[in-house]
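# Coordinate analysis (summary)
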Amino acid sequence: MATLTIDGIEVTVEAGATVLQACEQAGAEIPRFCYHERLSIAGNCRMCLVELEKAPKPIASCAMPAGDGMVVHTKTETVKKAREGVMEFLLINHPLDCPICDQGGECDLQDQAVGYGRGLSRYDEGKRAVKDKNMGPLISTTMTRCIHCMRCVRFATEVAGADELGALGRGEGSEVTTYLEGSLNSEMSGNVIDLCPVGALTSKPYAFTARSWELKKTETIDVMDAVGSNIRVDSRGNQIMRILPRLNEGINEEWISDKTRFHYDGLLKNRLDTAFVKSSGKNAKLKPASWQDAFKAIKKAAKGVKADAYGALIGDLADVEAMFALKTLLGQLGSKSIECRLDGSTGQTSARSSYIFNTSIGGIEHADACLLVGCNPREEATLINSRLRKRVRVGGFAIANVGPKADLGYPVEELGNDFNHLAQVTVGTHKFAKALKAAKNPMVIIGQGALKGKNGAGVMASCLELAEKYGMVSEDWNGLNVLQHAASRVGALDMGLMAGGVDKVLGDKTEIVFLLGADDVDADKLKGKFVIYMGSHGDAGASLADVILPTAAYTEKQATYVNVEGRVQRTVQATFPPGEAREDWTVVRALADVFGVDVGFNNMGELRAKLYEAYPHFADEDVLDGHDTKGFATKTVMKMGKVTSIAAEFAGGYYMSNPIARSSNILAEVVANIAEQQGSKAHG
Amino acid sequence: MFKFIKRIFIWWEVSTLGTQWHTFLHGEKVGSDDEGNLYYKGKKKAPLSAGMPERRWVVYNGDMDATRIPAEWHAWLHHTSDLPPSEAPLETKAFETPHETNKTGSKEAYFPAGSPMSGGKRASATGDYEAWRP
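Residues numbered from 1 in each chain as written. Chains lettered and ligands numbered in written order. Predicted model: local features only at pLDDT ≥ 70, side-chain atom pairs only at ≥ 80, totals over all residues. Heavy atoms only, no water.

### Looking at a negative patch on the surface
Together, B:Asp34, B:Glu72, B:Glu91 and B:Glu96 line one region of the surface with negative charge. Assignment of secondary structure puts B:Glu96 in the segment after helix H3 (71-77). (Patch = residues over 30% accessible without salt bridge, like charges linked within 9 Å, V, L, I, M, F, W, Y side chains within 5 Å. Areas by Shrake-Rupley, 256 points an atom, 1.4 Å probe, with all protein chains shown as cover. Salt bridge = Lys/Arg side-chain N within 4 Å of Asp/Glu carboxyl O. Lys, Arg positive; Asp, Glu negative; His and termini not counted. Charge placed at Lys NZ, Arg CZ, Asp CG, Glu CD. Helix = DSSP H or I, 4+ residues; strand = E, 2+ residues; numbered from the N terminus.)

Put into structure tokens, the structure is as follows:
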């Protein structure tokens, strides 16, 4: 603890705080470029100079530890002059191209030049020019604008774990570069766009498309993975121009993954904007139809269909309201055959804590040992991986992986792609068992890959035993984590949308199948059934359908999603669905009339009231359930094959995991770029 | 007969009989342009003291459309230049294009790219989406 006097105000700060943090606490605004809360301190921009009594010259407040009894002045003539001087030096080599710069309007340098710079320029010599660097398809560079704050370099090294950015040259010749003129090998690379205080690094897909002040900002959440990153969607008219992160310390801090940031162009491609009905006859073809015609076709198909002949599959992007509405509809029709686990995962679902990320994402920072079982957090939940990396960097964190080898961006002890290692750790004969035993807060993360197929139940049982044995579940700590990677999954499991697997739902007696945005379905299994597809994008599922009912994408509706930690979050509507598309639950409500049943709600209010009645926790927004440990005393005899490979592969590849991402040209370019870089590495 | 009555009263298709009579009596031909429009001036010089300028007029060869008059004859008709272009032709610059009549309202009217009248294919704009078709 240190007590300082800042501009006559006395503040007490924690030990290890800097003078800049103390100034902020005292309410004094300090301009800065290189300093960033989540990165290490560099102290190279000198913009944060303040006057410290008894110091011979102004000090860089971001790099000066706060000491007891310091007397700091931030509003004196000396400080003003120092800031003006620093700003003048920064502007010497900064081009005056604000009118054609994408950062214009949201530029730190612009703002601070107005606030702390001199009114006039005294500089009339030539400015230096720097060659632009190639940083891949996502980041556009104008290196002449760079002021060498090194935020991007520090981010790449510290947070992204891609040590591929750095500075070459000295003094005026200094340049930030990727050395080899390639894109960053990271799923977090887009964050350097936000970090860059000037327009040196800007978004390539967004380049010259909009100005920040003409955009409508909508604060919503992301559904690209189950993390539920908090995002801000910037739209102009009915088009989403870009996606930015929003601060949420519990989930994504202030980062988002590239998939989250750059999938937005997929929201305008391959859209279902009208209903379709498959024509009858030999060359049956999907033809655009009106809603009435689509409903007529469904009514015709439903004639004489028995109650248990209805089935439904839930896709990865479905929202809670739509799933609840569909469940209610099926319930009214007399069927319980509704399934959300399209990937064939067979995890235990008796208690909520056996399918969510109990430790919570923020809780990772308190863990001191971690075992990854058949998961690749870098691909399945990028933001969870960056938390793990953050924890690894602090030190004293034993982390091991049972499953396929993966480059996670930090050193991981690879135990091998074999369940037997897990069994050994559980029994206590493996060497990693020691680390788990010594740990105060050990955790295990079970991926969906490990829970797939025959061995799923065995893996889960083994992990439950492991959790019990190493004290992973106690009053104030829960180290058992299941890593879901579908945004809809936790919500669906909360509502018990399980019917014994996809094969059971698509059994012989099923005649009518609802696909709620479900695209990863085997076409052969749908043969001979009447398929009703409800979704926003024309993808695999849509082409298999007999009737397509167009619905809204996640940015076009107010909906509830539950993230991997079991945190209930809601999206906010940013744009309107295209053409004839409607919100999912309204489509289900209309279907209820077609089938002649009563689902008991006519508007969102009534639907949500029914939902909260059935599942009260959906009413509690942004709350973690706490460490619910019930249902953990499961003792299953482990029955596992001798050598079994754990497949934690992401279906279709990381960047192509859902219909929106598959429709995105930007992400397709990223995939092509990665393939090209890997090719050149292999040949060169 | 109808044609004759038309010649007397209708002035917007061809010049009326009155104009022709007046031109015959008082007009002095000055010249003609590429389209065949004839330009006349009054034979009698109006007394300067009355402040009346010389009378100048055009008899159209076909459609009565003021935009058919080329710039140089327009200037003479409106007393911008003293001498008609037949006597003092205007210098033609390399960048000048031949005179065109106003096409507004006609089939040859200009429609910007993207207008339904010119095919209706416009560049993509904010909010445009690509619809999926099987």
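### Some remarks on the nonpolar core
Residue and element names in this part refer to chain A. Within the largest apolar cluster, 118 residues are counted, with the highest numbers of intra-cluster contacts made by Leu4, Ile384 and Leu388. With six residues, helix H4 (residues 151-160) is the single largest residue contributor to this core. For Leu388, the contacting residues outside a window of four places in its chain are Ile364, Cys370, Leu372, Pro377, Phe397, Ile399, Tyr410 and Ile445. If you look at the next biggest cluster of nonpolar residues, it comprises 58 residues, including Ile314, Cys340, Tyr355 and Val594. (Core = buried A, V, L, I, M, F, W, Y, C linked by side-chain atoms within 4.5 Å. Buried < 20%, exposed > 50% of the residue type's maximum accessible area, 1.4 Å probe, protein only. Contact = heavy atoms within 4.5 Å.)

### Details of the sheet that holds strand E3 (residues 56-59) of chain B
Residue and element names in this part refer to chain B. Spatial ordering of the open sheet is given by E1-E2-E3, a layout of three strands whose pairing is antiparallel. Two strands bound the open sheet, and with one partner strand each, they are strand E1 (27-32) and E3. This sheet shows a mean twist of 30° between the axes of neighbouring strands, independent of strand direction. Sheet topology note: the strand E2 (residues 38-42)/E3 ladder contains four bridges and is antiparallel. Residue Lys41 lies in a different strand from E3, and its bridge partner there is Arg56. Where helix H2 (residues 17-26) meets the sheet, it contacts E1, E2 and E3, and its direction lies at approximately 100° from that of E1. (Pairing = 2+ DSSP bridges. Axes fitted to C-alpha atoms, helices over the stretch in contact; angles between N-to-C directions.)

### Regarding the environment of A:Met64
Residue and element names in this part refer to chain A. Mapped onto the elements, Met64 comes out in the loop between strand E4 (59-60) and strand E5 (71-73). Taking the C-alpha atoms as reference points, Met64 and Phe262, separated by 198 residues in sequence, lie 38 Å from one another. In contact with Met64, not counting residues within four places along its chain, are Thr18, Val19, Leu52, Ile59 and Met70.

### Side note on a nonpolar patch on the surface
On the surface, a nonpolar cluster with roughly 570 Å² of combined accessible area is contributed by B:Met1, B:Phe4, B:Ile5, B:Ile8 and B:Phe9. In this fold, B:Phe4 is placed in helix H1 (residues 2-9).

### Structural notes on empty space enclosed by the protein
Residues and elements named next belong to chain A. Throughout the structure, instances matching the rule amount to five cavities of 30 Å³ or more. Estimated volume of the largest cavity: approximately 240 Å³. Lining the largest cavity are 27 residues, and of these Leu317, Ala318, Gly517, Ser536 and Pro659 lie nearest its centre. Elements with a minimum of two residues in the lining of the largest cavity: strand E25 (530-535) and helix H20 (659-663). (1 Å grid on protein atoms, 1.4 Å probe; cavity = no way out; pocket = protein on both sides within 12 Å on 5 of 7 lines; lining within 4 Å. Points joined across faces, edges and corners; volume = space filled by probe spheres on them.)

### A closer look at the environment of B:Glu91
Looking at the secondary structure, you find B:Glu91 in the segment after H3. Residues B:Glu91 and B:Glu72, spaced 19 residues apart in sequence, show a C-alpha to C-alpha distance of 9.9 Å.

### What about the pattern of salt bridges?
Residue and element names in this part refer to chain A. The tally for this structure, following the rule as stated, stands at 47 salt bridges over all chains. Among the ionic pairs, Glu556 bridges to Arg271, the shortest N-O distance being 2.7 Å. With Glu556 in the loop between strand E26 (547-550) and strand E27 (560-562) and Arg271 in the loop between helix H6 (258-262) and strand E13 (275-278), the pair connects residues that are 285 residues apart, well separated along the chain. Summarising the burial analysis for this pair, Glu556 and Arg271 share the class buried. Across the salt bridge formed by Glu621 and Arg570, the nearest N and O atoms sit 3.1 Å from each other. In this pair, Glu621 sits in the loop between helix H19 (604-614) and H20 while Arg570 sits in strand E28 (residues 568-570), placing the two residues 51 residues apart along the sequence. Take Glu621: its relative accessible area is 42%, and that puts it in the partly exposed class.

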